[in-house]
Amino acid sequence: MKDYAKSPYYETVVDILADVLQLEKEEIEPDSKLLEELGAESVDFLDIINRIEEKTSISLPDVNILKYLSDKYGKELFFEDGKLNNTGTKVIQMAMPEVDASRFHTGLREHEIADFITPLTFVRQIEVYKTLEEWKPEKCNKCGSGNLSKEDKDASEYLEISIDPGPLYKCRECGNLISHKRIEEEIYEKVMAEK
Ligand SMILES: [Zn+2]
């Protein structure tokens, strides 16, 4: 896995966390647990995310992946009696690569997942969404043409029903609009393909 503590965004995240949580920067380690060790409360997360978005000019997802996928595909696919099942465990392992995979296991309760959020969680998110800004499709997913133009707008601003992140391309041949699939959907597809 990528060493997110070496990311140029690590400092950005530490600065923001120190400010929001009123801590000295030295008190913050890459794998400090926000809730348990840094004293964050749920209300702080919105503030942290807003500041990250302001500072990096990216937009981060407003719900966690299991909430997003549960709303879309049904909660029973990922949870049993409010506890992670096998599929839910695989999703969260893939979604949070900065956490040792063995720490996620079936039986974990939904609210306990937030306990694993560390500074590296935010750094990883920034890196992933920044990389997406550079994304370019090879060809049109409708007609196969490689004759594409980049639209002026972000996919999330342009497509009404879609909240896909990253840039938006238009096929010059058929007019199809092409955006990157949501990260959540990509992970879902990978996990389902392994089943
Ligand atoms: Zn096309």
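Residues numbered from 1 in each chain as written. Predicted model: local features only at pLDDT ≥ 70, side-chain atom pairs only at ≥ 80, totals over all residues.

Undergrad: Give me the lowdown on the overall build of the protein chain, citing residues and values where you can.
TA: A tally of regular secondary structure across the protein chain gives seven helices and five strands. Going from N to C terminus, the protein chain has its helices and strands arranged as α-α-α-β-β-α-α-β-α-β-β-α. Based on the C-alpha atoms only, the size of the protein chain along its principal axes is roughly 55 × 40 × 30 Å. Counting over 195 residues, the protein chain shows a buried share of 27%. Long-range pairs, those at least 24 residues apart, make up 55% of the contacts in the protein chain with a sequence separation of at least 6. (Helix = DSSP H or I, 4+ residues; strand = E, 2+ residues; numbered from the N terminus. Buried ≥ 20, exposed ≤ 12 C-beta atoms within 10 Å, placed from the backbone. Contact = placed C-beta atoms within 7 Å.)

Undergrad: Describe the environment of L35, naming the residues involved and giving the relevant values.
TA: Take L35: it is sitting in the loop between α1 (9-21) and α2 (42-56). Residues L35 and A114, spaced 79 residues apart in sequence, show a C-alpha to C-alpha distance of 7.8 Å. The residues contacting L35, other than those within four sequence positions of it, are A40, A114 and D115.

Undergrad: Hey, could you go over unusual backbone geometry for me, with residue numbers and the actual values?
TA: Phi at Q22 is positive, roughly 55 degrees, even though this residue is not glycine. At D81, a residue that is not glycine, the phi angle is positive and equals roughly 50 degrees. Position of D81 among the secondary structure elements: in the loop between β1 (79-80) and β2 (83-84).

Undergrad: Run through the domain arrangement of the protein chain, naming residues and quoting values.
TA: In terms of domains, the protein chain is made up of domain 1 (4-131) and domain 2 (136-179). Relative to domain 2, the C-alpha centre of domain 1 lies at a distance of 29 Å. (Domains from an automatic or database assignment.)

Undergrad: If you had to explain the pairing of strand β4 (residues 167-171) to someone new, which residues and values would you point to?
TA: Of all the five residues making up β4, four are buried; the element is thus mostly covered by neighbouring parts of the structure. Looking at chain direction, β4 and strand β5 (residues 177-179) are connected through three bridges and run antiparallel. Pairing of K170 across the sheet is with L177, part of β5. Two successive antiparallel strands, β4 and β5, enclose a turn made up of five residues, where G175 displays a positive phi of approximately 80 degrees. (Pairing = 2+ DSSP bridges.)

Undergrad: Just give me the short version of the nonpolar core, but keep the residues and values in it.
TA: Core analysis: the largest hydrophobic core is formed by 33 residues, its most contacted members being V13, L17, L66, V91, I92 and V123. The set of elements that each furnish at least two residues to this core consists of α1, α2, α3 (65-73), α4 (86-95), α5 (119-133) and α7 (183-194). When residues of this core are assigned to their parent elements, the largest contribution, six residues, is made by α1. Setting aside anything within four residues of it in sequence, one finds V123 in contact with Y4, S7, Y9, Y10 and V13. (Core = buried A, V, L, I, M, F, W, Y, C linked by C-beta atoms within 7 Å.)

Undergrad: Give a detailed account of the confidence of the model for the protein chain, specifying residues and quantitative values.
TA: Residues of the protein chain with pLDDT of at least 70 account for 95%, and the chain-wide mean is 91. At the level of individual helices and strands, the protein chain shows its lowest average pLDDT in helix α6 (residues 155-158), which scores 61, and its highest in α1, which scores 98. (pLDDT = per-residue confidence, 0-100.)

Undergrad: Account for α4, with residues named and values stated.
TA: Taken residue by residue, α4 has T87, G88, K90, V91, I92 and A95 as its buried positions. Packed against the buried residues of α4 are α3, β1, β2 and α7.

Undergrad: I'd love a proper account of the environment of P30, names of residues and values included.
TA: Summarising the element assignment, P30 is placed in the loop between α1 and α2. Spatially, the C-alpha atoms of P30 and P165 are 26 Å apart, while their sequence positions differ by 135 residues. Once residues within four sequence positions are removed from consideration, P30 is found in contact with A5, T118, P119 and L120.

Undergrad: Summarise the packing of α4 against α7; cite the residues concerned and give the values.
TA: Between α4 and α7, the shortest axis-to-axis distance is 10 Å and the interhelical angle comes to 130 degrees. It follows that α4 is oblique to α7 by the angle criterion. Here α4 runs over α7; the crossing is right-handed. Packed against α4, whose contacting residues are T87, K90, V91, M94 and A95, the element α7 presents I187, Y188, K190 and V191 at the interface. Split by residue class, the contact of α4 with α7 holds six nonpolar, one polar and two charged. (Axes fitted to C-alpha atoms, helices over the stretch in contact; angles between N-to-C directions. Parallel < 35°, antiparallel > 145°, perpendicular 65-115°, else oblique. Left-handed = near helix turned anticlockwise from the far one by under 90°. Nonpolar A, V, L, I, M, F, W, Y, C, P; charged D, E, K, R; others polar.)

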